[in-house]
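An overview of the molecular structure
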Amino acid sequence: MEVVDAQFSHQISLLLEPPSPLQVKEYFHELTTTKHLHGIQVKPTNHYGKGVYADIDFEEEELVLKDQMLVGMQHSSNKIDCLVCGCCFRFIGSIEIQIGRKLYLQGLGGGPHDDCFNEKVELLMHQRLELPHSKKFPLPEVINCPGGCKEVYYCSKYCAQADWDSCHSLLCTGDGSKSISNKALSKFIQHANETNDIFILAAKAISCTILKYRKLKAACDKENQKEKNHLSDVLGNHNFSLLLKAWKPLSMGYKRRWWDCIALPDDVDVSDEASFRMQIRQLAFESLELLKAAILDEECLPSSPVEDYFLYVDDLPEAEKKEVDEITQPFLDALGEDYSVCCQGTAFYPIQSCMNHSCCPNAKAFKREEIIIKQREDKDGQATILACKPIKKGEEITISYIDEDLDLEERQALLADYGFICKCARCVEEDA
Ligand SMILES: C[S@@+](CC[C@H](N)C(=O)[O-])C[C@H]1O[C@@H](n2cnc3c(N)ncnc32)[C@H](O)[C@@H]1O
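Residues numbered from 1 in each chain as written. Predicted model: local features only at pLDDT ≥ 70, side-chain atom pairs only at ≥ 80, totals over all residues. Heavy atoms only, no water.

You'll find the protein chain entered in an unreviewed UniProt entry as SET domain-containing protein, with Ambrosia artemisiifolia given as the organism.

1. So, the packing of aromatic side chains
Applying the stated criterion across every chain yields a total of nine aromatic pairs. With centroids separated by 5.0 Å and ring planes inclined at 85°, the aromatic side chains of Tyr27 and Phe28 adopt a geometry described as edge-to-face. For the pair shown, Tyr27 and Phe28 are each scored as buried. With a centroid separation of 5.3 Å and 65° between ring planes, the pair formed by Tyr309 and Phe310 is classed as edge-to-face. Residue Tyr309 shares its accessibility class with Phe310, and that shared class is buried. What links up through ring pairs into an aromatic cluster is the set Phe137, Tyr309, Phe310 and Tyr312. The positively charged end of Lys43 is found above the aromatic ring belonging to Tyr53, 4.9 Å away from the centroid. (Phe/Tyr/Trp six-rings, centres within 6.5 Å; stacked < 30°, edge-to-face > 60°. Buried < 20%, exposed > 50% of the residue type's maximum accessible area, 1.4 Å probe, protein only. Lys NZ or Arg CZ within 6 Å of the ring centre and 35° of its normal.)

2. Quick notes on the site of the ligand
Lining the immediate environment of the ligand, one finds Tyr48, Gly49, Lys50, Lys255, Ser353, Cys354, Met355, Asn356, His357, Tyr401, Tyr418 and Phe420. Between the ligand and the protein, one listed contact pairs an oxygen atom with a backbone N or O atom of Tyr418 at 2.9 Å. When the free accessible area of the ligand is taken as 560 Å², the share hidden by the protein chains comes to 80%. Residue classes in the shell around the ligand are distributed as six nonpolar, four polar and two charged. (Near = heavy atom within 4 Å. Polar contact = N/O pair within 3.5 Å; in protein donor to acceptor, adjacent residues only side chain to side chain. Areas by Shrake-Rupley, 256 points an atom, 1.4 Å probe, with all protein chains shown as cover. Nonpolar A, V, L, I, M, F, W, Y, C, P; charged D, E, K, R; others polar.)

3. Structural notes on the packing of helix H4 (residues 95-108) against helix H5 (residues 115-125)
Running from N to C, H4 and H5 point in directions that differ by 135°, and their axes come no closer than 7 Å. Taken together, H4 and H5 sit at an angle that is classed as oblique. Considering the relative orientation of H4 and H5, their crossing is left-handed. Across from Glu96, Ile97, Ile99, Gly100, Arg101, Leu103 and Tyr104 in H4, the residues of H5 making contact are Phe117, Val121, Glu122, Leu124 and Met125. For the contact of H4 with H5, the residue count by class is eight nonpolar, one polar and three charged. (Axes fitted to C-alpha atoms, helices over the stretch in contact; angles between N-to-C directions. Helix = DSSP H or I, 4+ residues; strand = E, 2+ residues; numbered from the N terminus. Parallel < 35°, antiparallel > 145°, perpendicular 65-115°, else oblique. Left-handed = near helix turned anticlockwise from the far one by under 90°. Contact = heavy atoms within 4.5 Å.)

4. Quick look at helix H6 (residues 157-171)
For H6, spanning 15 residues, the distance from its first C-alpha to its last is only 18 Å, which falls clearly below the expected 21 Å at 1.5 Å a residue. The sharpest bend along H6 measures roughly 70° and falls at Asp165. Every buried residue of H6 is listed here: Cys159, Ala160, Asp163, Trp164, Cys167, His168, Ser169, Leu170 and Leu171. (Expected span 1.5 Å × (residues − 1). Bend = angle between axes of the 7 residues up to and from the residue.)

5. A short note on the pattern of salt bridges
Applying the stated criterion to the full structure yields nine salt bridges. One salt bridge connects Glu273 with Arg277, and the closest N-O pair in it is separated by 2.9 Å. Of the two residues, Glu273 and Arg277 both sit in helix H11 (residues 273-295), four residues apart, roughly one turn of that helix. Arg277 gets classed as buried once you look at its relative accessible area, which sits at 15%. As a salt-bridge pair, Arg411 and Glu430 come within 3.2 Å of each other at their nearest N and O atoms. With Arg411 in helix H15 (residues 408-416) and Glu430 in helix H16 (residues 425-431), this pair connects stretches of sequence that are 19 residues apart. For Glu430, a relative accessible area of 38% corresponds to the partly exposed category. Residues joined in a network through salt bridges with shared partners are Asp314, Lys321 and Asp325. (Salt bridge = Lys/Arg side-chain N within 4 Å of Asp/Glu carboxyl O.)

6. Thoughts on the side chain of Asp81
Within the secondary structure, Asp81 sits in the loop between strand S4 (71-74) and H4. In this structure the side chain of Asp81 is engaged in a polar contact, spanning 3.2 Å, whose partner is the side chain of Lys102. Contact partners of Asp81, with chain neighbours within four places excluded, come to Gln98, Lys102 and Val341.

7. Regarding a negative patch on the surface
Together, Asp403, Glu404, Asp405, Asp407, Glu409 and Glu410 make up a region of like negative charge exposed at the surface. Mapped onto the elements of the fold, Asp403 is located in the loop between strand S10 (396-397) and H15. Residue classification places Asp403 among the partly exposed positions, given a relative accessible area of 42%. (Patch = residues over 30% accessible without salt bridge, like charges linked within 9 Å, V, L, I, M, F, W, Y side chains within 5 Å. Lys, Arg positive; Asp, Glu negative; His and termini not counted. Charge placed at Lys NZ, Arg CZ, Asp CG, Glu CD.)

8. Quick notes on the sheet that holds strand S9 (residues 382-387)
The antiparallel open sheet is built from three strands, whose spatial order is S3-S9-S8. A single partner strand is all that each edge strand has here, and the edge strands are strand S3 (63-68) and strand S8 (363-366). When strand polarity is set aside, the average angle formed by the axes of neighbouring strands in this sheet is 20°. Where S3 meets S9, five bridges bridge the pair, whose relative direction is antiparallel. Bridging from a neighbouring strand, Leu63 pairs with Leu386 of S9. (Pairing = 2+ DSSP bridges.)

9. Focus on the sheet that holds S10
Here three strands make up an open sheet; going across it, the order is S1-S2-S10 and the pairing antiparallel. The open sheet has two free edges, formed respectively by strand S1 (40-44) and S10, since each of these has just one partner strand. Bridge analysis of strand S2 (residues 50-54) against S10 gives two bridges, and the strand direction is antiparallel. By the bridge assignment, Tyr53 is partnered in S10 with Glu396.

Right, here's the structure in full:
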């Protein structure tokens, strides 16, 4: 692999080059135009890189933007708690599957339950025991991965196919996988789960680029055949420009290398920062080597429906509640405090990632369930930004990265993890 790196060092450095301000401007202009995102503009700010600006006036509560996720992942630690679609991350199956599966997986770790309870848990998991009123909380049927990996499930055939086409075909460990080695892939996944599962998101981003590149290349090859254009050096350069094109949506989000900007953990002394950064850089390289062996060929806080269900049961009229509680309470007790864990993960949104922070923001990024409450349409894996006060044309649209209710010191401590000291009007005023 090192030989490959040396041979293509020029191309690699071009891929990793930060985009110029002109490229950024052109890219976001095209993106907002093609996605019909009227009313916003991405452009340079005076102080800190780019930002999102209002191109029209927005009223309070008005929808500013819906941003489609480019790549996203559910955190490994959250997979026991929630069974969600591997593409749009909505809960799937049924209330019974969600509760039964979680209790079953927890039980594998040696839970304290008796045999009778364990039997009930298995019945729940296989949907052979129905909980009262659970039909009022319908969830989409579980669709298997088309590659047969039994590790990722979907809410619809549409999501299964979309994920397969965009990245999962290269990262699937099932028989239908398009990776070069399932064994190598499993090794990569194990390494990520044991070290930092953000490498899974990176693998998705890389797979997404490779697959997009292949699609662009296949379309070009077809065109070239028509024109009988077989000059290999011309094609060589051309192929690289296709790879740059496939990489572009991700490169536009480039800020700094991961190991340079990751927050210093509390248990690492500032004097050890340089060696800590070297260590995680090394870890990222190890992970990349494992991924390369698996996929490189010669050529690139929402809520839980389970919580809604138990809240509903809790609100039932007293007489009925007693009867229902008899069935549901043992499951609730067994689930314990963690009964309402929501799907947790990390994703990259092309426009939201351009929004700067303010402790007195004029917009808010909403989670899925809050949007449903507000009767807004909830489309697959989209981030929704609403104005939380009137925004005038030309004003920068800002969101808060942290809990705005915290005091100045706490806010600044959290924002240090993002690598900046906030000097918004509120911070300046409170600091005076
Ligand atoms: C999600 S990005 C926002 C877009 C970013 N300005 C860009 O050029 O892509 C977050 C980064 O923007 C910068 N940033 C955001 N809000 C800021 C603020 N209020 N003050 C200083 N820097 C800020 C920080 O470097 C932060 O890590």
